[in-house]
Every structure is written in C-alpha cells, then in structure tokens.
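# Remarks on the overall topology
For reference, the chains in residue letters:
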Amino acid sequence: MIIPAQVGAERTASGRPSPLATAVWVIAITVGSAVLFAMYFLPTVLHDASHYAVSGVSLVRDGANLTHPYVSRSPIGPAYANFQNGTIVFGADLINYPAKLYSLLFGLISAATGTMRLAYLQGLTLAFLISGNILLYLIGRHYLRGAELALFLLVVNLLPVMELRLTAGTNGVGYTAALLLFWLVLVRRATPLIVGLAGGILAHTRSQLAACLAVLPFLYRGIDGRTRWRGTFLPMAGGFALAYFALGALFNAWSGTAAEVSPFSFYTDHFSKSHLGAQELLIVAQKFVRGVAMLFAPSQLFLLAPVLILCLLRRNDRMIRGLGVAAFIWVALPVVLYSFDRFADPQPRYFMVAVPLIALGGILMLRAAVASVRLRQAILGATSLVMAIAYVSAWGLPLAALHPQTVLARLTYLDFPGVEAALRDNFADDDIVMVNHALPTGLSRLRRVVYRPAFDAFRKGDNRQIQGIVFVYGDTLYDQFFEPRDWLQEGRPPEAFTDMAGLTFRRTYQRTTPYFDIGGQRLGDAFFVIYKKDAPESVPR
C-alpha cells in the first residue's frame, strides 16, 4: 500500500491534514474497497433484499407500505387463504418493515431510472463500503499517522467477519451509519444533541443503531473525562427520540401506516414469539456461554476479542477504556439478547460496528506500552498478516472474480432484461398475479400480487380471478429458500398448470441468466417464468 507520508507531508505547517496526502488516501481507499467488493461480494439474498427493494419502490411509486406479496393480506394469515375467502387487501401491509431510509434510496434510484434492478442494492453496498472506509480513515487519522493508520485500516477490513458488509442489505449501511456517529463524536466533537438527532435519523437505516444511546456517552467520557453521564445521555436521548419518531411519523403518513406502528414493532413481534421461557434458563445459559466463546473464533472477533478485554482493563487511560467500554456494550447487547432467542444464535452482523473501536483502542494501547515505532509497526504488521491469512482461509483468494464479465454476471443474475415488456404484454395493471417469494426485476410494476400457496392448495382453490403466475427460481442458487419446489417437475416448471376446475395457466415467457460463484465457476441458472391463464373460450366447460 502507498502510504501518504511517502508522497508528501501528512499535515501542513498549520497542523491541518495535507490535501495531497488526503487525496492519495481517498483514492487508495476507493480503489482498494472496489477491489475487495469485486472479489468477495455475496450474491443478492432475496429474503432481505427483496423486502427492502419492494418497500422502497412501493413507498416512492404508490405511497404504500408494502414489503412483500405474502403480506398483502387482511386479517393476518396466508395471502392465498385470505384471497380465497375475500378478505385480502392489496397494497396493505400490517408490518412496518424497518430500514425505511435505506429502502427509500433504492426506491428513488428505481424511480429515476424507470426500472427496478436488484443490482442497485449491490451498487448501494459498494457505495457504503467506500464511504465507510473513508470515514474509518477520517477517524483513524485523528489519532494515528502513516504506517499505523494504514495498518489500522487493514486490521479492520481483513477481519473475516467484516465480509458481512458486502451483503446486499443493511449490514453495510448500518456499519457506515455507526461510523458517521463515531466520527461526529471522536473527531468533530459534536454536541450530544446533534449526535442524538443524527442517530435518530440514521436509525431508519438500521434500527439497532438505537444502541448508540448506551455506547456514545462512553466515547464522550473518553475524550473528555469531565463529561457527566447526564450531560451526554439526556440531550442525546432527547435528540434521538425527536428525530427518530418525527421521521417515523413522516414515513407513516406517507405510506398510510397506523401511527401506533413503529419499526421497532418488527423486532418486538419477533421476540415475543421466539423468546425462551423462564423454565428454559439452562438453554439460555448454554447459548450465552457458547456466544461468548465464539467471539474468539476466526469467524467473529478473533484476535480483537482479547484486545477488547485488555482495553477494558486499561484503567489509567480514559480514552482507551472509553473505546473498550463502548465496544463491549455493542458486542454484549446482541450476545445477551440472542441468548434468549429460540431460533437464532448471536449474530456478528449486529456487533461488527464495534470492530473499529476495538482496533483503535488496541493500537493506542500498543503505542502506550511500546516506545519503539518500528516494533509497534512490526506487531501491527504481523497482526494484519494473521488477519489476512484468516480472511483468505475463510473466503479464499478468488482473483478470477475480478474479471469484468464475472463481476457483471454476479451483480445481475436476478435481473432479467426484457421482463418489464413481457409483463406488460401479458398483464394489465389491475390484473391479479400469483408470484413466488422472490421479487426481482419487473415485478415492481405489478400492484395486485398474491403469494403462491402449496401446489395442492392451488389445484383445489378458486383461481378464476387470477390472470397469471410469475416464478423466479434457480437450480443451484445461493438462496434456495425461494424455489417453488412442489410446483416443479424434475426440477423444472412444466409447460402448464391446471387446477381441478380445469383452468389452465400456460407458460408464455421464460428468461434465464447464468449464476457464477466468486471464483468464476458457473453454478447454474436463474429463471424468470411467466404463465398466463388461457382465454375463456379455451377453458373446458
């Protein structure tokens, strides 16, 4: 890596960062982030990505709160069952899906381009990866110089768990939003009220940023030992609440969602159904112990786990201890919370925002303990090397993934050119269309959709009002959850589906796109298939 200190002075005579050095850093970070993304970005995960995509498109296009076809329902229950009994409400959603600000970005891009592409989510992922690393640099250069700053960036980016930033969805945007809050506190020394207002707005990109209320006061304590808890927490909490609920009310008014429904209800509803009971405390304890032990694994905090402990023990340096306490809270919250979850273990994506705090605290602690600059750089270099080995061991070194054709194929494997025209040729805007769980390209124009039931339920159901069926599926895709398995015959959709009333839905369109893994190996194809109901005169009497 080119270190700006080798190009020119890092700071001017006035003590300000050198514009030349800053430009070199930003260019190096942008190029490095783009290469990292091209090599390791994961395929679009439909379960989350399509929620955010549809939420954004429906908000901008219709002013509606729709996140997926299977929640086009009233009352709560399977969409097809409500369609059968006449209680379905199209375009209405009883769940206020979080991350509305992130979804809004996707919706605005789709509106500006006139089409919906899930590849836009990958573009947003890259943009937040670059901006996050630039923020990381801006924080680091306030405390570090030259090689130490470069190694700080490497340690953070090469921790294997940080690969989660490359998944289309809110992992990267939530991480970047947290870095923006860290920058406001650690570098700009913004007032707690301003930081709270910013946090309240950014929490609409990822609701877990509400944890900043418990974390950021310790950063203030670290940079100014005289700061009292009440003097930081109260104005910060007030600013957060004001911005968060005001923006939430605006989104609710825009989408016609009930005022009492909060994005937090998405999580409270989940945990109200999945939490372990008091009689299962042994399971909770086991999950907690396992969660703590996993922090030391290469797939989670790895070498930074003992660094975090050392930062917590550093009582004679309030800055290091402040970074350690803030990071500890952010790590502990998901570990404790998910110990009570019946279905999921603690998820590193919720605490990876603590990684920069731990890395910075560790380097500052090393600087205080080791006087020799060369020895410090050697220790950091060895740490970066171990991180790099762990990263490559976990994710490989897929240089073939950098081929432009491979990158493009991986970006667009769920975006099918020409499907908008095919949908327009087959369906009118007010037609009722049955779809499977996936909602990529083209379906942004369909407004009355019903999530497909089990095939046997379809055969026995009343399908006279349904004009067609749209499936998106794949043979060996990253996300197998969305295959309409019971609808396929020998792994492929048939030429036609016929229900017990004799209604036939015939295949009128099929488009395929290839799917490659990060090593450039073709794994299979993704399919976009349209079925249209036969004209009335062709239906048996």
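Scroll up for the structure.
Residues numbered from 1 in each chain as written. Predicted model: local features only at pLDDT ≥ 70, side-chain atom pairs only at ≥ 80, totals over all residues. Heavy atoms only, no water.

### A look at the sheet that holds strand β2 (residues 449-451)
Taken in spatial order, the 6 strands make up an open sheet running β2-β1-β3-β6-β5-β4, and their pairing is mixed. Looking at which strands have only one partner, the edges of the open sheet turn out to be β2 and β4 (496-498). Between one strand and the next, the sheet's axes are offset by a mean angle of 25 degrees, whatever the strand orientation. For β4 and strand β5 (residues 504-516), the ladder comprises 3 bridges, and the chain directions are antiparallel. Looking across to β5, one finds that Phe-497 is bridged to Phe-505. Its contacts with the sheet put helix α19 (residues 419-426) on β3 (466-474), β5 and β6 (522-533), and the angle it makes with β6 is roughly 20 degrees. (Pairing = 2+ DSSP bridges. Helix = DSSP H or I, 4+ residues; strand = E, 2+ residues; numbered from the N terminus. Axes fitted to C-alpha atoms, helices over the stretch in contact; angles between N-to-C directions. Contact = heavy atoms within 4.5 Å.)

### Digging into a positive patch on the surface
A cluster of basic residues, Arg-221, Arg-228, Arg-230 and Arg-318, forms a positive patch on the protein surface. The topology assignment puts Arg-318 in helix α15 (residues 318-339). (Patch = residues over 30% accessible without salt bridge, like charges linked within 9 Å, V, L, I, M, F, W, Y side chains within 5 Å. Areas by Shrake-Rupley, 256 points an atom, 1.4 Å probe, with all protein chains shown as cover. Salt bridge = Lys/Arg side-chain N within 4 Å of Asp/Glu carboxyl O. Lys, Arg positive; Asp, Glu negative; His and termini not counted. Charge placed at Lys NZ, Arg CZ, Asp CG, Glu CD.)

### Overview of the side chain of Asn-171
Structurally, Asn-171 can be placed in helix α8 (residues 170-186). Polar side-chain contacts of Asn-171 include one of 3.4 Å to the side chain of Arg-206. Apart from the residues within four sequence positions on either side, Asn-171 is in contact with Leu-164, Arg-165, Arg-206, Arg-349 and Met-352. (Polar contact = N/O pair within 3.5 Å; in protein donor to acceptor, adjacent residues only side chain to side chain.)

### What to know about the nonpolar core
Within the largest apolar cluster, 81 residues are counted, with the highest numbers of intra-cluster contacts made by Phe-152, Phe-182, Leu-186 and Trp-330. It is α15 that contributes the most residues to this core, 10 residues altogether. With near-sequence residues (within four places) excluded, Phe-152 lies in contact with Leu-136, Gly-140, Leu-144, Pro-356, Ala-359, Leu-360 and Ile-363. The next biggest cluster of nonpolar side chains, apart from the first, holds 36 residues, and it includes Leu-124, Leu-414, Val-449 and Val-472. (Core = buried A, V, L, I, M, F, W, Y, C linked by side-chain atoms within 4.5 Å. Buried < 20%, exposed > 50% of the residue type's maximum accessible area, 1.4 Å probe, protein only.)

### Here's the deal with a nonpolar patch on the surface
On the surface, Leu-281, Phe-288, Val-289, Val-292, Phe-296, Ile-309, Leu-310, Leu-313, Val-336 and Phe-340 cluster together to form a nonpolar patch covering roughly 890 Å² of accessible area. Elements supplying a minimum of two residues to the nonpolar patch: α13 (281-294) and α14 (304-313). Broken down by element, the nonpolar patch gets its largest block of residues, 4 residues, from α13. Position of Phe-340 relative to the elements: it lies in the loop between α15 and α16 (355-369). The class of Phe-340 is partly exposed, set by a relative accessible area of 37%.

### Details of the pattern of salt bridges
Close approach of charged atoms allows side chains of opposite charge to pair. For the structure on display, the rule yields 13 salt bridges. Glu-495 is paired through a salt bridge with Arg-507; the nearest N and O atoms lie 2.4 Å apart. Within this pair, whereas Glu-495 is found in the loop between β3 and β4, its partner Arg-507 is found in strand β5, the two being separated by 12 residues in sequence. Exposure remark for Arg-507: the relative accessible area of 24% places this residue in the partly exposed category. Through salt bridges with shared partners, a single network forms among Glu-148, Arg-367 and Arg-376.

### Observations concerning the packing of helix α10 (residues 212-223) against α15
At a minimum axis distance of 7 Å, the contact between α10 and α15 shows a crossing angle of 175 degrees. By the angle class used here, α10 and α15 are roughly antiparallel. Of the residues in α15, those touching α10 at Cys-212, Ala-214, Val-215, Phe-218, Leu-219, Arg-221, Gly-222 and Ile-223 are Arg-318, Met-319, Gly-322, Leu-323, Val-325, Ala-326, Ile-329 and Trp-330. Class assignment for the residues of the contact of α10 with α15 results in 12 nonpolar, 2 polar and 2 charged. (Parallel < 35°, antiparallel > 145°, perpendicular 65-115°, else oblique. Nonpolar A, V, L, I, M, F, W, Y, C, P; charged D, E, K, R; others polar.)

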